[in-house]
Amino acid sequence: MGEEARRSKPWIFRTYAGHSTASASNELYRKNLGKGQTGLSVAFDLPTQTGYDSDHPQAKGEVGKVGVPISHIGDMRTLFDGIPLGEMNTSMTINATAAWLLALYVALADEQGVPRTKLQGTTQNDIIKEYLSRGTYVFPPAPSMRLTKDVILFTTKEMPKWNPMNVCSYHLQEAGATPVQELAFALATAVGVLDAVKASGECAPDEFGDVVGRISFFVNAGLRFVTEVCKMRAFTELWDEITRERYGVTDAKQRLFRYGVQVNSLGLTEQQPENNVARILIEMLAVTLSKNARARAVQLPAWNEALGLPRPWDQQWSLRMQQILAYETDLLEYGDVFDGSPVIGAKVEALKTAAREELRQIEGMGGTVAAVESGYLKQQLVESNSRRVEAIERGEQVVVGVNRFVETEPSPLADAADAVLTVSAEAETDQIERLKAWRAARDDGAVAAALAALRQAAKSGANVMPASIACAKAGVTTGEWGFALRSAFGEYRAPTGVGTAMRNDAEGLDDIRAEVDRVSKKLGRRLKFLVGKPGLDGHSNGAEQIAARARDAGMEVVYDGIRLTAEAIASAAAEKDVHVVGLSILSGSHLPLVADVLARMKEAGLEDVPVVVGGIIPPADASALKEAGVAEVYTPKDFELNRIMSDLCRIAESSSERAG
């Protein structure tokens, strides 16, 4: 008993989960909680994340694919059926529509008679990183920051145990951020949000410390283990410094750097995917070993996420890793094992010095919103990611099983039948039918009145949370809430970060540039390549790197960013007279979305323009795409971008010869 009493309390064990329908996700949550998971981490589908109902044309093919569809409070009831909200710690990965999903959660708690003061959890609610890396933004930066501010002020007053925001550096690393950029860009976001709260005049000075104390972070941990440990220690020290010196917070508890983590998914490989187990475990150690910089909550990806959607067994395996570390080892019996290390201390200081310099540069631009609007932050990430990809291609950055030690035995895990979970097409149909029934059964007068009050709150500057909660209780849908705010705030397209000028410092491109020049001469003009992202998938890293490499190889590139309709892609292909169209889809919706684009191109008389597709695409789906007329299919194993560029030259040349 004495030894057990000395142990630190474990972090919260989470699994990021949700798919198909609210009822299927509820069943998954209850199973995971039964296996010892101590908190929920809800994944929402892309229509929910971007403020569309499941039956909106933009939602076609995306319903239930990367998360659970939540269209109204009825879906929320189903999602949390049998799960006591007053006892649960719930993390919701939601940003542009965070105020709405929180409103649904609060409305459900009110319905269950759970006091708002008992609700514990987090809304991610970091819109800045959406413009930079994840892409599920809706509104322009200024009104989006206002929504974040409204959630912060509402929860501070009414939900004191709730974290209204995870400042999210996780996706910055996924988009290529260096450790210094991850530190600086995340901290600059937090500063921008806190400055906005302070400038609003809606927070009393004696309440501001509470606001600071409820801000949490959501970070990433990659495989450079020592650097990641030092990054987390630098985060804790810089946050303490900023909150003390910039904001005058005197309570040390309110200055604590509190963070949850999902370790790096970017480094998970399709080749030899069983190696991902070791990667995930090592990355978890980086955020748990240092007691002074230990995560408050951890969720781990599954070994097969580079192949598709993990099954419950795969998620269980990742959960067991956490439990073994926490309960079978002696980690929690000791203080910080890195304190006093000169190596760690020197690296932490170096990271802090470089991060402070980057923070000063962002401040000089006018802060994080200005740095987003100018395109500076996005451009920095695209360039950093380009250098990372190039280092892997050249073999300077070793990835075991990918660019070194590639000899392998067949994988009994990856080659097994049903190695990943697939979402049935019926899930979307069923969700839409339930949504139609919901609309038919509700009080239309109450809905109209609630939406009118929401629009008035948005236009007047009042906090949108009370009106949003009233909308939730009246039966308003996600799409109706989203379009009410679109009418007040407008929509936004963020800078792509992909410039038009070739990079002068790109190495190893002489041969491919010569090939592009040869084919362009044969075509009679510069080879023109359109990169398109149909559907609602905002994961743009791959598309950006393909567009940037094509540009640096000498092609003329058309890239207009994310969330394009099939009509827009076909129209751009016709208007720009392109030679090849490349589609990037990572949400699992490749079959219906590619079919839609091909149909629109045929209507536009472009059936002879070849199409290539990239994404997390199982072999059977790749075969189906090729049968439908797609020229080539690329998956994460195709990391050699110059080979893809060579393929594009070959495909364009062959198409020209057939047409000629």
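Heads up: the structure comes first, above all this text.
These notes cover the structure that comes with them. (Residues numbered from 1 in each chain as written. Predicted model: local features only at pLDDT ≥ 70, side-chain atom pairs only at ≥ 80, totals over all residues. Heavy atoms only, no water.)

A short note on a nonpolar patch on the surface
On the surface, Val398, Val400 and Phe405 cluster together to form a nonpolar patch covering roughly 250 Å² of accessible area. With respect to the element layout, valine 400 can be found in the loop between α16 (376–393) and α17 (425–441). (Patch = residues over 30% accessible without salt bridge, like charges linked within 9 Å, V, L, I, M, F, W, Y side chains within 5 Å. Areas by Shrake-Rupley, 256 points an atom, 1.4 Å probe, with all protein chains shown as cover. Salt bridge = Lys/Arg side-chain N within 4 Å of Asp/Glu carboxyl O. Helix = DSSP H or I, 4+ residues; strand = E, 2+ residues; numbered from the N terminus.)

Structural notes on the pairing of strand β12 (residues 556–559)
Sheet topology places strand β11 (residues 528–532) next to β12; four bridges connect them, and they run parallel. Looking at β12, one finds that leucine 530 is bridged to valine 558. Between the parallel elements β11 and β12, the chain passes through helix α22 (residues 541–552) in a crossover that is right-handed. (Pairing = 2+ DSSP bridges. Right-handed = clockwise from strand over helix to strand, strands pointing away.)

Let's talk about the side chain of threonine 93
With respect to the helices, strands and loops of the structure, threonine 93 is situated in strand β4 (residues 89–93). When its relative accessible area of 12% is taken as the criterion, threonine 93 is described as buried. Beyond its immediate stretch of four places on either side in the chain, threonine 93 contacts Tyr16, Ser41, Val42, Phe44 and Gln124. (Buried < 20%, exposed > 50% of the residue type's maximum accessible area, 1.4 Å probe, protein only. Contact = heavy atoms within 4.5 Å.)

Looking at the packing of aromatic side chains
How two aromatic rings sit relative to each other is given by the distance of their centres and the angle of their planes. Tallied over the entire structure, the rule returns 18 aromatic pairs. Between phenylalanine 139 and phenylalanine 489, the ring centres sit 5.6 Å apart and the planes meet at 80 degrees, which makes this aromatic pair edge-to-face. Taken as a pair, phenylalanine 139 in the loop between α6 (127–134) and α7 (141–158) and phenylalanine 489 in helix α20 (residues 478–489) lie far apart in primary sequence, 350 residues in all. Pair check on accessibility: phenylalanine 139 and phenylalanine 489 agree, each one buried. A network of ring pairs unites the aromatic residues Phe217, Phe235, Trp239, Phe257 and Tyr259 as a single cluster. In this arrangement the basic side chain of arginine 563 is found over the ring face of tyrosine 137, its NZ or CZ atom lying 5.2 Å from the centre. (Phe/Tyr/Trp six-rings, centres within 6.5 Å; stacked < 30°, edge-to-face > 60°. Lys NZ or Arg CZ within 6 Å of the ring centre and 35° of its normal.)

Quick word on the pairing of strand β13 (residues 580–584)
Of all five residues that make up β13, five are buried, and the element is covered over most of its length. Where burial is concerned, the two faces of β13 agree: the one with Val580, Gly582 and Ser584 and the one with Val581 and Leu583 are both buried. In this sheet, β13 lies alongside β11 in parallel orientation, the contact comprising four bridges. Bridge pairing in β13 places leucine 530 opposite valine 581. Crossover handedness for the path β13 to helix α24 (residues 590–603) to strand β14 (residues 611–614): right-handed.

Structural notes on the pattern of salt bridges
Applying the stated criterion to the full structure yields 52 salt bridges. A salt bridge links glutamate 228 to lysine 231; the shortest N-O distance between them is 2.6 Å. On the criterion of helical spacing, the pair formed by glutamate 228 and lysine 231 is a turn pair, its members being three residues apart in helix α11 (residues 225–245). On the basis of relative accessibility, which here comes to 6%, the residue glutamate 228 falls in the buried class. The residue glutamate 491 makes a salt bridge to arginine 486 at a minimum N-O spacing of 3.4 Å. By relative accessible area, arginine 486 is classed as buried at 7%.

Shape is all these values report; function is a separate question.
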